[in-house]
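In case you want the letters, here they are:
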Amino acid sequence: MMKEQSARAFRITKIEWMIIGITLVLPVIFNFSPYFQGLLIFIMMWVILGSSWNLLAGYTGLVSFGHAAYFGIGAYAAAIPFMHWGISPWWGLLTGGIAAVILGYLLGIVVFRLRGPYFALGTLATAEILRIIFGEEEWLTNGHTGILYMTTWVSKYPYYYIALALALGAVFSVKYIMRTKSGFYFLSIREDEDAAEALGINTKKYKNVATVVSTFWAGMAGAFYMIYMGFIDPEVVFALHNISIITILVGIIGGVGTIWGPAVGAVVMVFMQEMFRSSFFGLAPDWVSRFHSIAFGLLVIFVILYLAGGIVGDWKLISRKLKSIQTGEK
């Protein structure tokens, strides 16, 4: 019986097989330039981060403003052994996730006593504290000078397929968990934690389970970032805006509490960010590049007002709107 339930929980749909197939052959068929290959790699990284945040915030109701803490710990778990002992950062794909899980568990002992905005502020403070500590403790982290590593490959293809494997692992692990008993417990905690406790659900235990899975993938994303970029410093990997806030936006725009929402949000955010950074790939005046933050803000306002469920969550609504427009034109 349990095997049947597990198999049913992990069933991959035809559309999902199509997505896997497209992402596998996409860079080979179109032979993208290194620039666009880099964009694809960052999309995969944000899929990992968005999915990890979505499990914690979208499905369990634990809205984190400090996902940069887990991302940064994962990055330094790959970088510090290399700096001190010459151990390859590739081991970080194992140690990065474990280090983030340990941090998440220790942090949970404190912040799980808090709820709502107080929980969010607690996670935010953690990321800022770590940014300061890792910047000041030069003996351990090389401080603000950062840690430099000569990347393994010149070609971006190997990094893309590693990032793709991690992204698919994050997405399908969330999908699997949300089809199990634990997933239903997460949803009950999100809807009403007191009622869940009254029904006999060990809310502390299942919040820890959600945190373990979420932080593991965030740590893996951080370790991969170190391996791919070959350089980290505290201002980069513990950044509130560039890591924590963008992770939240990926979830909100794609669709909080949906399996594929973070993937869609990652595509939108990366290409939108890059279009403004490059002034629409050089087609617009240079001053356009200074307005990317305003554009993000307007996009979030639009989503909150008209697509509260995000692109994936409100896809049926979007489809109806598009059909009504086509009908009106006819």
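From a predicted model like this one, the values you see are computed outputs, not experimental measurements. (Residues numbered from 1 in each chain as written. Predicted model: local features only at pLDDT ≥ 70, side-chain atom pairs only at ≥ 80, totals over all residues. Heavy atoms only, no water.)

1. A closer look at the overall build of the chain
Phase 1 of the analysis: The number of helices and strands found in the chain is 17 helices and 2 strands.
Phase 2 of the analysis: A globule of 330 residues ought to have a C-alpha radius of gyration of about 20 Å, and the chain, at 20 Å, matches this closely.
Phase 3 of the analysis: Taking the principal axes of its C-alpha atoms as reference, the chain extends roughly 65 × 60 × 40 Å.
Phase 4 of the analysis: For the chain, contacts bridging at least 24 residues in sequence account for 77% of all contacts bridging at least 6.
Phase 5 of the analysis: Entry remark: accessible area of the chain is about 16700 Å², with carbon and sulfur atoms responsible for 70%.
Phase 6 of the analysis: Across the chain, the 22 positively charged side chains and the 17 negatively charged ones have centroids separated by 13 Å. (Helix = DSSP H or I, 4+ residues; strand = E, 2+ residues; numbered from the N terminus. Rg over C-alpha atoms; globule rule 2.2 N^0.38 Å. Contact = heavy atoms within 4.5 Å. Areas by Shrake-Rupley, 256 points an atom, 1.4 Å probe, with all protein chains shown as cover. Lys, Arg positive; Asp, Glu negative; His and termini not counted. Charge placed at Lys NZ, Arg CZ, Asp CG, Glu CD.)

2. A word on empty space enclosed by the protein
Phase 1 of the analysis: In the structure shown here, the tally under the stated rule is 1 cavity of 30 Å³ or more.
Phase 2 of the analysis: What the largest cavity holds in volume is close to 40 Å³.
Phase 3 of the analysis: Of all elements in the fold, only helix H5 (92–111) and helix H6 (117–136) reach the threshold of two or more residues within the lining of the largest cavity.
Phase 4 of the analysis: If you tally residues by element for the lining of the largest cavity, the top one is H5, at 4 residues. (1 Å grid on protein atoms, 1.4 Å probe; cavity = no way out; pocket = protein on both sides within 12 Å on 5 of 7 lines; lining within 4 Å. Points joined across faces, edges and corners; volume = space filled by probe spheres on them.)

3. Points about the side chain of Ser214
Phase 1 of the analysis: Residue placement: Ser214 occurs in helix H11 (residues 203–229).
Phase 2 of the analysis: For Ser214, a relative accessible area of 0% translates into the label buried.
Phase 3 of the analysis: For Ser214, the side chain forms a polar contact with the main-chain oxygen of Ser52, separated by 2.6 Å.
Phase 4 of the analysis: With sequence-adjacent residues up to four places away left out, Ser214 is seen in contact with Ser52, Trp53, Leu55, Leu56 and His67. (Buried < 20%, exposed > 50% of the residue type's maximum accessible area, 1.4 Å probe, protein only. Polar contact = N/O pair within 3.5 Å; in protein donor to acceptor, adjacent residues only side chain to side chain.)

4. Some details on helix H15 (residues 292–306)
Phase 1 of the analysis: Here H15 contains 15 residues, and its C-alpha end-to-end distance of 21 Å stays within 8% of the 21 Å for a straight helix at 1.5 Å per residue.
Phase 2 of the analysis: Buried within H15 are the following residues: Ala295, Phe296, Leu299, Val300 and Val303. Taken end-on, H15 shows its buried residues confined to a sector of 135°, consistent with a single buried face. Set apart from the buried face of H15 by more than 90 degrees, the exposed residues are Leu298, Ile304, Leu305 and Tyr306.
Phase 3 of the analysis: Tucked inside the fold, the buried residues of H15 contact helix H13 (240–254), helix H14 (261–277) and helix H16 (310–313). (Expected span 1.5 Å × (residues − 1). Arc of directions from axis to C-beta.)

5. Structural notes on helix H9 (residues 181–191)
Phase 1 of the analysis: Within the span of H9, buried status applies to Gly183, Phe186 and Ile189. The buried residues of H9 all sit within an arc of 120° when viewed along its axis, so they share a single face. Summarising the geometry of H9, the exposed residues directed more than 90 degrees from the buried face are Lys181, Phe184 and Glu191.

6. Quick word on the pattern of salt bridges
Phase 1 of the analysis: Overall, the coordinates contain 5 salt bridges when judged by the stated rule.
Phase 2 of the analysis: As a salt-bridge pair, Glu235 and Arg131 come within 3.1 Å of each other at their nearest N and O atoms. Of this pair, Glu235 sits in helix H12 (residues 234–237) while Arg131 sits in helix H6, and the two are 104 residues apart along the sequence.
Phase 3 of the analysis: Look at Glu235 and you get partly exposed, because its relative accessible area is 37%.
Phase 4 of the analysis: Between Glu193 and Lys207 there is a salt bridge; the shortest N-O distance is 2.9 Å. Placement of Glu193 in helix H10 (residues 193–198) and of Lys207 in helix H11 is noted, with a sequence separation of 14 residues between them. Considered together, Glu193 and Lys207 belong to a single accessibility category, that of buried residues.
Phase 5 of the analysis: Through salt bridges with shared partners, one network takes in Glu128, Arg131 and Glu235. (Salt bridge = Lys/Arg side-chain N within 4 Å of Asp/Glu carboxyl O.)

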